[in-house]
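Spelled out from the first residue to the last, the chains are:
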Amino acid sequence: MSSTAWVSRVEVRAGESRVRADKVHSILANRLKHGDEQYLVRWITKSSTPNPPLSWHYIWELSRCLEQVQVYLDSREEALGNLPPQEHPSKRKSPDSGDADSERHPSPFGRRLNDGSRESSSSRSSSLVPLTGATRSLGIEIYNGVIKSEYNIIYGKAASAPDIPKLELSRVPTPWMLQESWSSKVDVAARMIRTEYVRRLAKVPGPPIHLVNIYDSTTPSLRFKYITEYVYGEGVVRADPGSQVGCQKCSPSMSRNIGCEYTQKCDCLEFADVDEKRLREDQRALYEKVMAEGGSTVGFPKKFPYYTQDTTTHKPGTLVGFYLHSRRMIYECNDKCKCGNYCRNKNVQFGRRKEVEIFKTPDGRGWGLRCKEDLVEGEFIDTYRGEVITDAEATRRERSASKAKASYLYELDKFADDNIDPSRICVVDGEFMGGPTKFINHSCEPNCRQYTVSYNKFDIYIYDIALFACRDIPAGEELTFDYMDREEEEGDSKTPEPGEGGVPCLCGAKKCRKWLWT
Ligand SMILES: C[S@@+](CC[C@H](N)C(=O)[O-])C[C@H]1O[C@@H](n2cnc3c(N)ncnc32)[C@H](O)[C@@H]1O
């Protein structure tokens, strides 16, 4: 079909059309047109072309592709931060010294900063390029193609008729566009992105999640999906659902209506650690034999993980000291158990019950998380959710990411020392899908701790990572945990020396180990 025939079908009325998000490759520049924000869209074409269609759109037309707008604004912000003071168009503080990161993140700004001096004056002004009659009638400036609209959705299509204005992708943004981009405000786009993020937060099940940023106009990435259950990636081998068994000798009301009551009856505790302090004298020799030679610990004293209602000293549901001060696996009862919904041994599986707030930290640690309510020691906060991927896929993602980029990978290697298949160890990636816990920062003196919780005692590869308060935490205090997850006995030990790409720790704790990971 010729481009002119195609263009003649266009009927776009201002203010009603929206750019089709899945056809937008990226945003390349911004400017103000009659005081309103406009952004230059690079369209995706079916076949590869060095000159894909590019078109200017008002920000309100871009509500379907705010993710791309946000990526653009972040790279613009980074480029502005990296500019030498004399080139800086605004009154921002002088840039941090020596940050060469812009090379690692492909950005229209990075590209232009490198070769802008070669730009010819003919490609300077986007608005001076003559437009075809049809595109002009739409009020949309388009290069290398034509615009089509159906059901108020705008599409861009490559076309090469002689009257179609040309703009080489390799020259975009031109130095002229770049200057305009730097000096034009982007407040409306920033507000729309934030509004969209808050809208998505409101849909997350459970108590409200708030968003607070008193330092700048950024918003956490929209390229993120809130989920409450793991999403399993390709290649992850899951346990046969039939391998999950429930406790059969327990019942909802054994005497106190708290579900499971006797640790020796509850099959779910079969693999739970033995409470050595409560071993009877006549059990010790057998226990030591089992420990040395292997065998079942059924019949030895175990502990349920949570306090129940009948304690006056602790809040029901909080972790008992046996678990709180250790790295013991927590085995909760499950749907196949006979103990019912109100069993004392069910907690983490019900998910977050606290109102939390995502907030921008003032000191370069990105976003953080805090709770709107007081928490007591041992209280459950939320699980770490994300995409469960294979170790190989996690390695691939790690290698393709810049070293300075935040990491959201959490390895499920609790049983790595046991006789397990190392190729089946999985990793939870919370970067693109997960919960608010993805924002919990590291501290060398944390107020939370991560615990492993299983609902299938036979599955040693997939389990939950649950975050609990490890001391009383007043409302509003930032939640933190120790990313290195070391056992008590390992103590504070020496500060690890960083390897290449070690990330400096900014936790500010007195006993800070100086490096986040090495
Ligand atoms: C799981 S994310 C935490 C949320 C993150 N702050 C954000 O904005 O998305 C982990 C990343 O946060 C940053 N971070 C967390 N704790 C930090 C600390 N104590 N010092 C420096 N950076 C920290 C690092 O970039 C790290 O890779």
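Keep in mind the model is a prediction, meaning the values are calculated, not measured.

Per the secondary structure count, the chain includes 9 helices and 24 strands. Classification of the 518 residues of the chain by burial places 48% in the buried group. At a minimum sequence separation of 6, the contacts of the chain that also span at least 24 residues come to 68%. When the accessible surface of the chain is summed, it comes to about 26,600 Å², and 50% of that surface belongs to carbon and sulfur atoms.

Put simply, an interface is often sized by how much accessible area is lost when its parts join up. Assigned domains within the chain: domain 1 (18-80 + 141-200), domain 2 (204-237 + 352-489 + 496-517) and domain 3 (244-350). A straight line from the C-alpha centre of domain 1 to that of domain 2 covers 34 Å. Facing 12 residues of domain 1, the contacting portion of domain 2 comprises 13 residues. When domain 1 packs against domain 2, close to 1,200 Å² is buried across both sides, 57% of that on carbon and sulfur atoms. Two residues, arginine 223 and glutamate 67, come together in a salt bridge whose shortest N-O distance is 3.9 Å. At the boundary of domain 1 with domain 2, the tally comes to 6 residue pairs in polar contact (both at pLDDT 80 or more). Only helix H2 (66-82) and helix H6 (187-202) provide two or more residues apiece to the side of domain 1 that touches domain 2. Take the side of domain 1 that touches domain 2: its biggest share by element is 7 residues, from H6. Counted by class, the side of domain 1 that touches domain 2 contains 6 nonpolar, 2 polar and 4 charged residues.

Now for the pairing of strand E13 (residues 367-371). With 5 of 5 residues buried, E13 lies mostly within the body of the structure. Burial of the side chains of E13 extends over both faces: Trp367, Leu369 and Cys371 are buried on one face and Gly368 and Arg370 on the other. Here 5 bridges tie strand E12 (residues 356-360) to E13, and the two strands are oriented antiparallel to one another. Paired with glutamate 357 across the bridge in E13 is arginine 370.

In total, this model carries 2 cavities of 30 Å³ or more according to the counting rule given. Its boundaries defined by the atoms lining it, the second largest cavity holds a volume of some 30 Å³. Around the second largest cavity sit Val245, Cys268, Tyr331, Glu332, Asn334, Ser454, Tyr455, Asn456 and Lys457, which together line it. Residues that form the lining of the second largest cavity fall into these classes: 4 nonpolar, 3 polar and 2 charged.

Residue placement: glycine 351 occurs in the loop between strand E11 (330-331) and E12. Owing to a relative accessible area of 18%, glycine 351 belongs among the buried residues under this scheme. Distance from glycine 351 to arginine 449, taken between C-alpha atoms, is 16 Å for residues 98 residues apart in sequence.

Once that is clear, we can look at the packing of aromatic side chains. Tallied over the entire structure, the rule returns 14 aromatic pairs. Ring centres of tyrosine 287 and phenylalanine 300 lie 5.4 Å apart, and the angle between their planes is 75°; on these two criteria the pair is classed as edge-to-face. Remark: phenylalanine 300 occurs in the loop between helix H7 (281-293) and helix H8 (321-324) and tyrosine 287 occurs in helix H7; sequence separation between them is 13 residues. A single burial state applies to tyrosine 287 and to phenylalanine 300, both of which are buried.

Here we take up the packing of H2 against H6. Between H2 and H6, the least distance of the axes is 10 Å, while the angle of their chain directions is 125°. By the angle class used here, H2 and H6 are oblique. Handedness of the H2/H6 crossing: left-handed. Contacts from Leu66, Glu67, Val69, Gln70 and Leu73 in H2 reach Ala189, Ala190, Met192, Ile193, Glu196 and Arg200 in H6.

In a beta sheet, neighbouring strands are held together by backbone hydrogen bonds and run either parallel or antiparallel to one another. Pairing in this open sheet of 3 strands is mixed, and the strands run E1-E7-E6 from one edge to the other. The outermost strands of the open sheet, each flanked by one partner alone, are strand E1 (18-19) and strand E6 (145-150). Direction of pairing for E6 relative to strand E7 (residues 153-158): antiparallel, over a ladder of 6 bridges. Within E7, the position partnered with glycine 145 by the bridge is alanine 158.

Let's shift gears to a negative patch on the surface. A grouping of Glu398, Glu411, Asp413, Asp417 and Asp418 is seen on the molecular surface, where their side chains present a negatively charged patch. Its location among the elements puts glutamate 398 in helix H9 (residues 391-400).

Turning our eyes to something else, we now look at the environment of arginine 352. Structurally, arginine 352 can be placed in the loop between E11 and E12. In this structure the C-alpha to C-alpha distance between arginine 352 and proline 205, which are 147 residues apart in sequence, comes to 9.0 Å. Not counting the four nearest positions on each side in its chain, arginine 352 is found in contact with Val204, Pro205, Gly206, Pro207, Pro208, Ile209, Phe380, Ile381, Asp382 and Pro436. Within the local environment of arginine 352, its side chain forms a polar contact with the backbone oxygen of proline 207, the two atoms lying 2.8 Å apart. A polar atom in the side chain of arginine 352 sits 2.7 Å from the backbone oxygen of lysine 354.

Our next topic: the side chain of glutamine 68. The residue glutamine 68 is located in helix H2 in this model. The class for glutamine 68 is buried, based on a relative accessible area of 12%. With near-sequence residues (within four places) excluded, glutamine 68 lies in contact with Ala21, Val24, His25, Ile27 and Arg223.

The subject of this paragraph is H6. Spanning 16 residues, H6 covers 23 Å between terminal C-alpha atoms, matching the ideal 22 Å at 1.5 Å per step. In the core, the buried residues of H6 are packed alongside strand E3 (36-43), H2, strand E8 (209-212), strand E9 (225-226) and E12.

Analysis parameters
Residues numbered from 1 in each chain as written. Predicted model: local features only at pLDDT ≥ 70, side-chain atom pairs only at ≥ 80, totals over all residues. Heavy atoms only, no water. Helix = DSSP H or I, 4+ residues; strand = E, 2+ residues; numbered from the N terminus. Buried < 20%, exposed > 50% of the residue type's maximum accessible area, 1.4 Å probe, protein only. Contact = heavy atoms within 4.5 Å. Areas by Shrake-Rupley, 256 points an atom, 1.4 Å probe, with all protein chains shown as cover. Domains from an automatic or database assignment. Buried area = accessible area lost by both parts, 1.4 Å probe. Salt bridge = Lys/Arg side-chain N within 4 Å of Asp/Glu carboxyl O. Polar contact = N/O pair within 3.5 Å; in protein donor to acceptor, adjacent residues only side chain to side chain. Nonpolar A, V, L, I, M, F, W, Y, C, P; charged D, E, K, R; others polar. Pairing = 2+ DSSP bridges. 1 Å grid on protein atoms, 1.4 Å probe; cavity = no way out; pocket = protein on both sides within 12 Å on 5 of 7 lines; lining within 4 Å. Points joined across faces, edges and corners; volume = space filled by probe spheres on them. Phe/Tyr/Trp six-rings, centres within 6.5 Å; stacked < 30°, edge-to-face > 60°. Axes fitted to C-alpha atoms, helices over the stretch in contact; angles between N-to-C directions. Parallel < 35°, antiparallel > 145°, perpendicular 65-115°, else oblique. Left-handed = near helix turned anticlockwise from the far one by under 90°. Patch = residues over 30% accessible without salt bridge, like charges linked within 9 Å, V, L, I, M, F, W, Y side chains within 5 Å. Lys, Arg positive; Asp, Glu negative; His and termini not counted. Charge placed at Lys NZ, Arg CZ, Asp CG, Glu CD. Expected span 1.5 Å × (residues − 1).

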